[in-house]
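Spelled out from the first residue to the last, the chains are:
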Amino acid sequence: MDSTAAARTAASPAPAVIPDGTRFRPWRILRTAPPTVWAITLLFTAVLAGWSVMVPQYHAPDEPNHVDAVMRLVEGRGWPHPGHVIVTRGGVGAIMAAPYGSEKRPRDLSAGPFTAAQATPRDERPSWEELERTPAPRGGIQQIVQHPPLYYWVNAVILKAIPGGGDDLRWDEIIGILRLVSVVMVAPLPLLAWAGAHRLSDGSRVAGTCAALVPLTIPELAHIGSSVNNDNLLVLTAGLATVGIVYVLRGDTSLRTAAWTGGFVGLALMTKSLGIVLVPMAALAYVLAWSRARRDARALRARAPAVDPSRATPPPGANTGGGMASTASTASTASTDSMDGTDGDGRADIRPFRLADAGPAGPSAAAQRPPWRQILLGGAIMVALGGWWWIVNVVRWGAFQPETPGFPLGQYLGDDWGAYWELLINGTILRWWGSFGWFEVNLTTIPVRTGTALVIFFFALALIRGRNWRIRVDLLLLLWVTWGLFGLMTVQSAKNFDKQFHVSGISGRYLYAGLVSLAIGIGLGAAATGRYLSRVMPLLFLAGAVTLQVWSITMVFPHFWRPKGGDLGDAWDDMAAWSPWSEGTLVFIAVAVCTLAVATLAGCLWVLVIGERDTRPSRSGRGVVLTDPRTQGLREAARNRAARLHRDTLASGQPRPGGPEGAQPPSPPAHSGPPVSSTASTEAAAVDRADKAEAAAAERADKAAAAGRAAVVDGADKAAAADGADRAAAVDRPDEAAAVDKADWADEADGARHPQPR
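Treat the numbers as computed from the prediction; the structure is a model and nothing was measured.

Focus: the pattern of salt bridges
- Enumeration according to the criterion identifies 17 salt bridges in this entry.
- We note a salt bridge from D202 to R250, for which the minimum N-O separation is 2.8 Å. With D202 in the loop between α9 (189-200) and α10 (205-213) and R250 in the loop between α12 (231-249) and α13 (255-269), this residue pair connects regions lying 48 residues apart in the sequence. The same class applies to D202 and to R250, which are both buried.
- Linked through salt bridges whose partners overlap, the residues forming this network are D62, D231, K272 and R509.

Structure representation (structure tokens):
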């Protein structure tokens, strides 16, 4: 039996644990996420909330214009064409009241520190409506209206829904609420990264946990995600679309998933033009899934074994009428059967057949059809939700995204392409990891270069050590999002630099729409480090995240808040004085971060203890173990259904299907209790012994894997050892094996019509 198990292990891929099947269901992701992932998600949310009060108001890229754009919709000013709108009077007043500039030059950016003495008491701060009535200098160019209005419309609806909200709120409350809305948009990133890595890795706990920790390791993401910026909604919609595309790549080509994916891509397009990179990715994913289904079907047809007539013969006493089940064995029989499932005498054929003789199920017929229906449905939803905006731009204005006349050109570099390329590469990497405020506080070279090297290493390791070429192709397709975004940014900035020698539009946050894709690859790379080393990876990822976050906080917090000659206590008082929330709220956020960090540490330690995969069924009861997508575990399904049929037979006292025609139930015995036939008892005992043999074989396979004596990959030996146990049972106990075979035949008859004998 050991040699048989070893051969099966070498010939077939590792089993895949898929907790909830292959279909994409967003609510199932919420329901099946493990506690560790939820702890990581809540910790990330608390960290974002802390950053939302640690960074002074309007010390984030374009935040004053983003807030002003929201308030335009709140006040009913509409969404005009670029070049015909400036910042409102309320927007200018909020800039002058916020800790943005100095007392003498309130509209010019100041690096701080901002003290409590400069802060106006909360109850004396004006509302946005009061700022609109207060005379103020003329506002600058409002370039935000070149983007679609979805992000700003969502924020405006939330502000109006607050009792006493809208422009009646204080200016600092408005900024604080809008920052928290962005926090809610970015907070699901760890959950989405886990869902994608868990599905692509077929249930790897290490891959999912490490992928969920990736967003926590990027301090700049915490900064941008806690500020008012439309990139936050793009990150959310792109992450949702990425998870849907991962399910498509793993074979879910249902119309429902196509509708979900098209909807997410459409919402991304209605948020920002950068969402266009998701369109070719989604279409190519369906083409790949279709080609793989056709290839799998051809492979199954090519290697389908010939049916053994001796094995296809029904057991003694079964109905011998030739019917539809017998057409798989001989052509002559097929010619005598009618198409309505009757034999030559006109009687219905109820003879069961062996599921093993039917062969593996393989890809469905729908998966083998060209995916034009899925692409058309998803494309229609995409255009309806967001694609129409860009079509109107091209038709009406002659440009995909109209430019904003009079907008500042950016940093002047002269005719020096070397300086441009250095700023493009190094600036993008730095602003991806940590360039806080208006690029006022920057992380040092060591963490930036180390983090970049680790990202490249883990993603490359996932590509090199992928289980098969399909996983490698999937990872390369996911990597397209980051490269596509970088390419769009490079083309736009290079075109402007070539014309005017000024550089603008270079930022790492433009690549965050591909963060979920990148996290999935990094998680798979962490799981590919080895059976024992991979268990430590979640702890190392958490340690790296804590290090980078603490490093960044120790740079940002004193820079903005600690007065000259003061300490960190004075800095806390200054931050609390400018905050829109009470000091008790700030203390609560700090305590929540520490508590959730401890919970996340406990979860990572739990992964270290229990190991890689979870082979137990999911909480929803839909867990299934597959040895290969093309040869799904049909034998186990047949055995389980046969056992259920046997129990139902015992309870009802009716004869089993396949018994002699006209057979009557056995007369009840003299003693009380349900009637039990000797055949049913033999079959029950055989099934019980087979189950015990499988459990014992699985235990032996686990011990062999722990000792490292065989190349056991994720429990593949268990299935092989179970087959060996069945074969041994067939040799040692032929009567019991025949009874088990009869139970398998009975399984296939379950659900068929059984007419009364004539």
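Some remarks on the side chain of H502
- With respect to the helices and strands, the residue H502 is situated in strand β5 (residues 502-503).
- Classification of H502 as buried rests on a relative accessible area of 17%.
- Setting aside its immediate chain neighbours within four residues, H502 contacts L409, G410, Q411, Y412, N496 and F497.

Observations concerning the environment of S364
- For S364, the location among the structural elements is in the loop between α17 (355-358) and α18 (365-368).
- Each C-alpha atom of the pair S364 and A293 lies 8.1 Å from the other, and the pair is 71 residues apart in sequence.

As for the packing of helix α3 (residues 35-54) against helix α26 (residues 583-610)
- Running from N to C, α3 and α26 point in directions that differ by 155°, and their axes come no closer than 8 Å. With respect to α26, the element α3 is oriented roughly antiparallel. Along this stretch, α3 crosses α26, giving a crossing that reads as left-handed. Residue-level inspection shows T36, A39, I40, L42, L43, A46, V47, A49, G50 and V53 of α3 in contact with α26, the latter providing L586, I589, A592, V593, L596, A597, A599, T600, G603 and C604.
- For the contact of α3 with α26, a count of residues per class yields 16 nonpolar, 4 polar and no charged.

Structural notes on the packing of aromatic side chains
- Inspection of every chain in the model, using the stated rule, returns 22 aromatic pairs.
- Centre to centre, the rings of F114 and W561 are 6.3 Å apart; their planes meet at 65°, and the pair counts as edge-to-face. With F114 in the loop between α5 (89-97) and α6 (128-133) and W561 in helix α24 (residues 533-561), this pair connects stretches of sequence that are 447 residues apart.
- Between W417 and F497, the ring centres sit 4.8 Å apart and the planes meet at 85°, which makes this aromatic pair edge-to-face. In this pair, W417 is assigned in helix α20 (residues 417-433) and F497 in helix α22 (residues 469-500), connecting sequence segments 80 residues apart.
- According to the relative accessible area criterion, W417 is partly exposed, its value standing at 30%.
- What makes F497 buried here is its relative accessible area of 0%.
- By the ring-pair criterion, three or more aromatic residues cluster together here, those being F24, W27, Y247, W260 and F264.

Examining a nonpolar patch on the surface
- Where nonpolar side chains cluster on the molecular surface, the patch consists of I276, V383, W388, I391, V392, V394, V395, F400 and L488 and spans about 730 Å² of accessible area.
- Ranked by residues supplied to the nonpolar patch, first place goes to helix α19 (residues 372-397) with 6 residues.
- Position of V395 among the secondary structure elements: in helix α19.

A look at the packing of α3 against α9
- Where α3 meets α9, the axes come as close as 8 Å, and the angle between the chain directions of the two elements is 150°. If you check the angle between α3 and α9, you find them roughly antiparallel. On α9, the residues touching V37, W38, I40, T41 and F44 of α3 are L189, P190, L191 and W194.
- Looking at side-chain class alone, the contact of α3 with α9 contains 8 nonpolar, 1 polar and no charged residues.

Some thoughts on a positive patch on the surface
- On the surface, R294, R295, R298 and R301 cluster together into a positively charged patch.
- Given a relative accessible area of 43%, R298 falls into the partly exposed group.

A word on unusual backbone geometry
- Non-glycine residue D202 carries a positive phi angle of around 60°.
- Of the residues examined, D202 reaches a relative accessible area of 6% and is grouped as buried.
- Here the phi dihedral of F439 falls at roughly 60°; this positive angle occurs in a residue that is not glycine.
- With respect to the secondary-structure elements, F439 resides in the loop between β3 (435-436) and β4 (441-442).
- Overall, F439 belongs to the partly exposed group, its relative accessible area being 31%.

Here we look at the side chain of Q549
- Tracing the chain through its elements places Q549 in helix α24.
- You can call Q549 buried: its relative accessible area is 7%.
- Not counting chain neighbours up to four residues away, the residues in contact with Q549 comprise V47, W51, L216, I218, P219 and A222.

A closer look at empty space enclosed by the protein
- Applying the stated criterion to the full structure yields 6 cavities of 30 Å³ or more.
- Taken as a whole, the second largest cavity encloses approximately 100 Å³ of empty space.
- Looking at the lining of the second largest cavity, the elements that each hand over two or more residues are α3, α8 (171-186) and α25 (568-578).
- The element that contributes the greatest number of residues to the lining of the second largest cavity is α8, accounting for 5 residues.
- Split into classes, the residues belonging to the lining of the second largest cavity amount to 10 nonpolar, 4 polar and 2 charged.

Quick look at the environment of S254
- Structurally, S254 can be placed in the loop between α12 and α13.
- Expressed as a C-alpha distance, the spacing of S254 and A366, which sit 112 residues apart in the sequence, is 8.4 Å.
- If near-sequence neighbours (up to four positions away) are discounted, S254 is found in contact with R23, Y286 and Q374.
- A polar atom in the side chain of S254 sits 3.0 Å from the side chain of T257.

Regarding the nonpolar core
- Y58, V67, L159, L278, L524 and F541 are the most contacted members of the largest nonpolar core, which has 156 residues in total.
- Setting aside its immediate chain neighbours within four residues, V67 contacts Y58, W128, I174, I175, L178 and V228.

With respect to a negative patch on the surface
- A cluster of acidic residues, D567, D570, D573 and E583, forms a negative patch on the protein surface.
- Take D573: it is sitting in helix α25.

The rules behind these values
Residues numbered from 1 in each chain as written. Predicted model: local features only at pLDDT ≥ 70, side-chain atom pairs only at ≥ 80, totals over all residues. Heavy atoms only, no water. Salt bridge = Lys/Arg side-chain N within 4 Å of Asp/Glu carboxyl O. Helix = DSSP H or I, 4+ residues; strand = E, 2+ residues; numbered from the N terminus. Buried < 20%, exposed > 50% of the residue type's maximum accessible area, 1.4 Å probe, protein only. Contact = heavy atoms within 4.5 Å. Axes fitted to C-alpha atoms, helices over the stretch in contact; angles between N-to-C directions. Parallel < 35°, antiparallel > 145°, perpendicular 65-115°, else oblique. Left-handed = near helix turned anticlockwise from the far one by under 90°. Nonpolar A, V, L, I, M, F, W, Y, C, P; charged D, E, K, R; others polar. Phe/Tyr/Trp six-rings, centres within 6.5 Å; stacked < 30°, edge-to-face > 60°. Patch = residues over 30% accessible without salt bridge, like charges linked within 9 Å, V, L, I, M, F, W, Y side chains within 5 Å. Areas by Shrake-Rupley, 256 points an atom, 1.4 Å probe, with all protein chains shown as cover. Lys, Arg positive; Asp, Glu negative; His and termini not counted. Charge placed at Lys NZ, Arg CZ, Asp CG, Glu CD. 1 Å grid on protein atoms, 1.4 Å probe; cavity = no way out; pocket = protein on both sides within 12 Å on 5 of 7 lines; lining within 4 Å. Points joined across faces, edges and corners; volume = space filled by probe spheres on them. Polar contact = N/O pair within 3.5 Å; in protein donor to acceptor, adjacent residues only side chain to side chain. Core = buried A, V, L, I, M, F, W, Y, C linked by side-chain atoms within 4.5 Å.

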